[in-house]
4 protein chains.
Amino acid sequence: MNKKVLLFAGSLRTGSLNKKYVKVAHAILHEITGLDTELVDLADYPMPVYNQDIEDKEFPQPAADLARKVAGVDALVISTPENNGSIAAALKNTVDWLSRPPHNPWPGKCIFLMGASPGALGAVRGLWHSRIPFEALGCHVYPDMSGLPRAHEAFDENGELKDKASRERLAKQLKGFANRIF
Amino acid sequence: MNKKVLLFAGSLRTGSLNKKYVKVAHAILHEITGLDTELVDLADYPMPVYNQDIEDKEFPQPAADLARKVAGVDALVISTPENNGSIAAALKNTVDWLSRPPHNPWPGKCIFLMGASPGALGAVRGLWHSRIPFEALGCHVYPDMSGLPRAHEAFDENGELKDKASRERLAKQLKGFANRIF
Amino acid sequence: MNKKVLLFAGSLRTGSLNKKYVKVAHAILHEITGLDTELVDLADYPMPVYNQDIEDKEFPQPAADLARKVAGVDALVISTPENNGSIAAALKNTVDWLSRPPHNPWPGKCIFLMGASPGALGAVRGLWHSRIPFEALGCHVYPDMSGLPRAHEAFDENGELKDKASRERLAKQLKGFANRIF
Amino acid sequence: MNKKVLLFAGSLRTGSLNKKYVKVAHAILHEITGLDTELVDLADYPMPVYNQDIEDKEFPQPAADLARKVAGVDALVISTPENNGSIAAALKNTVDWLSRPPHNPWPGKCIFLMGASPGALGAVRGLWHSRIPFEALGCHVYPDMSGLPRAHEAFDENGELKDKASRERLAKQLKGFANRIF
């Protein structure tokens, strides 16, 4: 049976470099047999900043909807910005809302983290910081991660990576990840 | 000249244990001479989840207001929940909004982190995870942090810590911190 | 075919609480079918502090021997002390020596981390800090980890955990881990 | 009164890039008035891998000697390699030996971390991982750190940084640090 993979970027803005980067990953996963993939946009699941008072009154429907989507897959590929050397607020907020009972779909999911950044370090600090909440929730975060430095210059007008070696490296990582989805 | 200290909890909900805990810190700081303190509530500074599209259209006034407050102090005392073993979304979101130019008031601030948690570990994982964005922004995060385990049982009806030793330990930490505010 | 698991403690001293704790894990793994297990003692593989000058002259035989052992297994269970809130020097030194080419047996190994500590937090900070080098090396570190607080009072004279619930929790974690060995 | 600063590299090998990098820092600190500096070599303080059995028998004299040196200064500048994305074993081992009572000179020291690496990321992961034990010990680790990427090509035959901008950036960081030594 095919493994199901959900992809999204941990960014809300329309022109996000991470939305571009996760689209490349989506195209690559299409070339791997045995996978059913779906790419969603966090901006289509608007949530307030997590606040238990809101939760106690009424659980946000978009969070419940996205939790159901996560519950229905085996694995996730998430491309996330680095903000101040650490996890993006939009991603952390999404993780936390979805983790609330009775929804919590996270335990046991296989996760591949990637990150695009205009800087020279390719979001490496944000990627390592972002592993923690997923691991605390019982997710199997793939050890290898994919940082894309100087991402503002990395894509052509079709959204493809200009540098072929970068695309091949990502493809190799994603194939390795696909082999390790339970 | 007196040092100025801003205090808040990294939580939005009304009955937050961290709001209680930071109030205890506020009372203790009052007993230390040479400090001007102000306690604010993040819920009074409502912000959307960080999204550069919103920023490009109009910077949220509450974020600008809080950034001005932070810019006006020498130090901050922040009590933050641990969510999924890591930084609270409300705190990360606040840090990120305020860090955006031309506001960014963070570099050089002295910060004391504390955290109340119903669990046995006293938010220790969240505290260590929360240091990172502040340090990446150039803040001097005090090495010693104050975790309060089993916080749901820790306060009496007046909001005081029932356990005198816990209050004394916090007071000692805050005195050490106050001596290290530049 | 049976999965092979190597166990050791990240401590050198004879009376190490982590040597006791990993023995309990060894006994539990024996009860799980489909596993071949071997428990070794790092003290039997004496290595100098890592120094490339030594490596260039002659690679330490004990490090080469242990690297071969690690290369021959699918998974490792490592019980490690927390020293100064972080990874034990003996464990980091072992990881680094073994990682040197042409030996490096680490990539792809499945690892379960556990830690015994006399403190109340059960080595939780050391466990999270210890994940990093293994993940950087491409190991699949199991998200759930097992910290044993107040470990100096935890064992009876036969080396068994006095608290049955603690042993059951560890057994449950190790069964979960065993199911995830590739 | 002059502030005292001890400098060393977290590496043992003779030709260490970090020994070169910390020498540059030493020269820069000489240009700052009000500082007394001393540069030492960890290789002159040979220690076994930390083992409590050794400690119980006889505390290593080199560790006691270095602990006394650390106790006598206000601040340290440490240049450390990144090994497997994390703290160098030689540095962790030194920190742990010195931390043992009755020596423990670490609490309250001001520390500037720097790291040279042949890679493109300039030891950034190792630097962030290395903060933790120092902060757990109560050291004030300066938030800004100095990573030197492609360090194998960075020095001329006199041990100077070829790139003037890199030296100026380091000098600016060290001046900032010197202003924050208590």
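In short, a report on the structure. (Residues numbered from 1 in each chain as written. Chains lettered and ligands numbered in written order. Predicted model: local features only at pLDDT ≥ 70, side-chain atom pairs only at ≥ 80, totals over all residues. Heavy atoms only, no water.)

## A closer look at the packing of aromatic side chains
- In total, this model carries 30 aromatic pairs over all chains according to the counting rule given.
- Look at A:Tyr50 and A:Trp97: their rings are 4.8 Å apart centre to centre, the planes differ by 75°, and that puts the pair in the edge-to-face class. One end of the pair, A:Tyr50, is in the loop between β2 (35-39) and α2 (52-57); the other, A:Trp97, is in helix α4 (residues 89-98), and 47 residues separate them in sequence.
- Where C:Tyr21 meets C:Phe155, the ring centres are 6.5 Å apart and the plane angle is 70°; that geometry is what we call edge-to-face. Of the two residues, C:Tyr21 is situated in helix α1 (residues 17-30) and C:Phe155 in the loop between β6 (146-148) and α6 (164-179); the sequence distance between them amounts to 134 residues.
- Assessed through its relative accessible area of 2%, C:Tyr21 is described here as buried.
- Judged by its relative accessible area of 10%, C:Phe155 is buried. (Phe/Tyr/Trp six-rings, centres within 6.5 Å; stacked < 30°, edge-to-face > 60°. Helix = DSSP H or I, 4+ residues; strand = E, 2+ residues; numbered from the N terminus. Buried < 20%, exposed > 50% of the residue type's maximum accessible area, 1.4 Å probe, protein only.)

## Some thoughts on the relation of the copies chain B and chain A
- With an RMSD of 0.0 Å, chain B superimposes on chain A once it is rotated by 180° and translated 0.0 Å along the axis. The relationship between the two copies is best expressed as a two-fold rotation axis.
- A share of 97% of the interface residues of chain B reappears at the interface of chain A, consistent with the copies meeting face to face through the same patch. (Least-squares fit on C-alpha atoms with pLDDT ≥ 70 in both. Contact = heavy atoms within 4.5 Å.)

## Considerations on the pairing of strand β1 (residues 3-9) of chain D
All names here are of chain D.
- Burial runs high along β1: 5 of the 7 residues are buried.
- Pairing between β1 and strand β2 (residues 35-39): 5 bridges, direction parallel. Its bridge partner being in β2, Lys4 is matched across the sheet by Asp36.
- Bridging between β1 and strand β3 (residues 75-79) involves 5 bridges; their strand directions are parallel. In the strand pairing of β3, Leu7 is matched with Val77. (Pairing = 2+ DSSP bridges.)

## A word on the interface of chain B and chain A
- Residue-level contacts link 29 residues of chain B with 28 residues of chain A.
- Buried area between chain B and chain A, both sides added, is near 2300 Å², and the carbon and sulfur share of it is 57%.
- The interface formed by chain B and chain A includes 0 salt bridges.
- The tally of links from chain B across to chain A stands at 15 residue pairs in polar contact (both at pLDDT 80 or more). (Buried area = accessible area lost by both parts, 1.4 Å probe. Salt bridge = Lys/Arg side-chain N within 4 Å of Asp/Glu carboxyl O. Polar contact = N/O pair within 3.5 Å; in protein donor to acceptor, adjacent residues only side chain to side chain.)

## Description of the packing of helix α4 (residues 89-99) of chain D against helix α5 (residues 124-136) of chain D
All names here are of chain D.
- Direction vectors running N to C along α4 and α5 enclose 5°, while the axes themselves pass 11 Å from each other. The orientation of α4 relative to α5 falls into the category roughly parallel. Where α4 approaches α5, its residues Leu91, Lys92 and Val95 are matched on the opposing element by Ser130, Pro133 and Phe134.
- In the contact of α4 with α5, the residues fall into 4 nonpolar, 1 polar and 1 charged. (Axes fitted to C-alpha atoms, helices over the stretch in contact; angles between N-to-C directions. Parallel < 35°, antiparallel > 145°, perpendicular 65-115°, else oblique. Nonpolar A, V, L, I, M, F, W, Y, C, P; charged D, E, K, R; others polar.)

## What to know about helix α6 (residues 164-178) of chain A
Residue and element names in this part refer to chain A.
- In this model, α6 (15 residues) spans 21 Å end to end at C-alpha, consistent with the 21 Å of a helix rising 1.5 Å per residue.
- The complete set of buried residues in α6 reads Ser166, Arg167, Leu170, Ala171, Gln173, Leu174, Phe177 and Ala178. End-on view of α6: buried residues confined to an arc of 165°, all on one side of the axis. For α6, the exposed residues lying more than 90 degrees away from the buried face are Lys164, Glu168 and Lys172. (Expected span 1.5 Å × (residues − 1). Arc of directions from axis to C-beta.)

## Brief notes about the environment of D:Gly85
- By the element assignment, D:Gly85 lies in the loop between β3 and α4.
- Along the primary structure D:Gly85 and D:Trp128 are separated by 43 residues, whereas in three dimensions their C-alpha atoms are 9.4 Å apart.

## A look at helix α3 (residues 61-71) of chain C
All names here are of chain C.
- Residues of α3 that are buried: Ala63, Ala64, Leu66, Ala67 and Val70. One face of α3 carries all of its buried residues, which in axial projection span an arc of 165°.
- Tucked inside the fold, the buried residues of α3 contact β1 (3-9), β3 (75-79) and α4 (89-98).

## So, the interface of chain C and chain D
- Taken together, the contacts link 28 residues of chain C with 28 residues of chain D.
- Carbon and sulfur atoms make up 56% of the surface buried where chain C meets chain D, a total of about 2300 Å² over both sides.
- Run the count over chain C and chain D and you get 15 residue pairs in polar contact (both at pLDDT 80 or more).
- Elements with a contribution of two residues or more to the side of chain C that touches chain D: α2 (52-57), α4 and α5 (124-136) of chain C.
- Ranked by the residues each element gives to the side of chain C that touches chain D, the list is headed by α4(C), at 6 residues.
- Its residues placed into classes, the side of chain C that touches chain D shows 13 nonpolar, 10 polar and 5 charged.

## Details of the side chain of C:Lys19
All names here are of chain C.
- With respect to the secondary-structure elements, Lys19 resides in helix α1.
- Polar contacts involving the side chain of Lys19 include one to the main-chain carbonyl oxygen of Leu12, which spans 2.9 Å.
- Beyond its immediate chain neighbours, meaning those up to four positions away, Lys19 contacts Ala9, Ser11, Leu12, Arg13, Thr14, Asp41 and Ala43.

## Quick word on the pattern of salt bridges
- All told, the structure shown has 38 salt bridges over all chains when counted by the stated rule.
- A salt bridge links A:Glu135 to C:Arg131; the nearest nitrogen and oxygen atoms lie 3.2 Å apart. Highlighted residues: A:Glu135 in helix α5 (residues 124-136) and C:Arg131 in helix α5, drawn from two different chains. Accessibility assignment for this pair places A:Glu135 and C:Arg131 in one class, buried.
- A salt bridge links C:Asp96 to C:Lys92; the shortest N-O distance between them is 2.7 Å. You can see C:Asp96 and its partner C:Lys92 sitting in helix α4, 4 residues apart, about one turn around the helix. The burial state of C:Asp96 is the same as that of C:Lys92; both residues are buried.
- Salt bridges sharing partners connect three or more residues here, namely A:Arg131, A:Glu135, C:Arg131 and C:Glu135.

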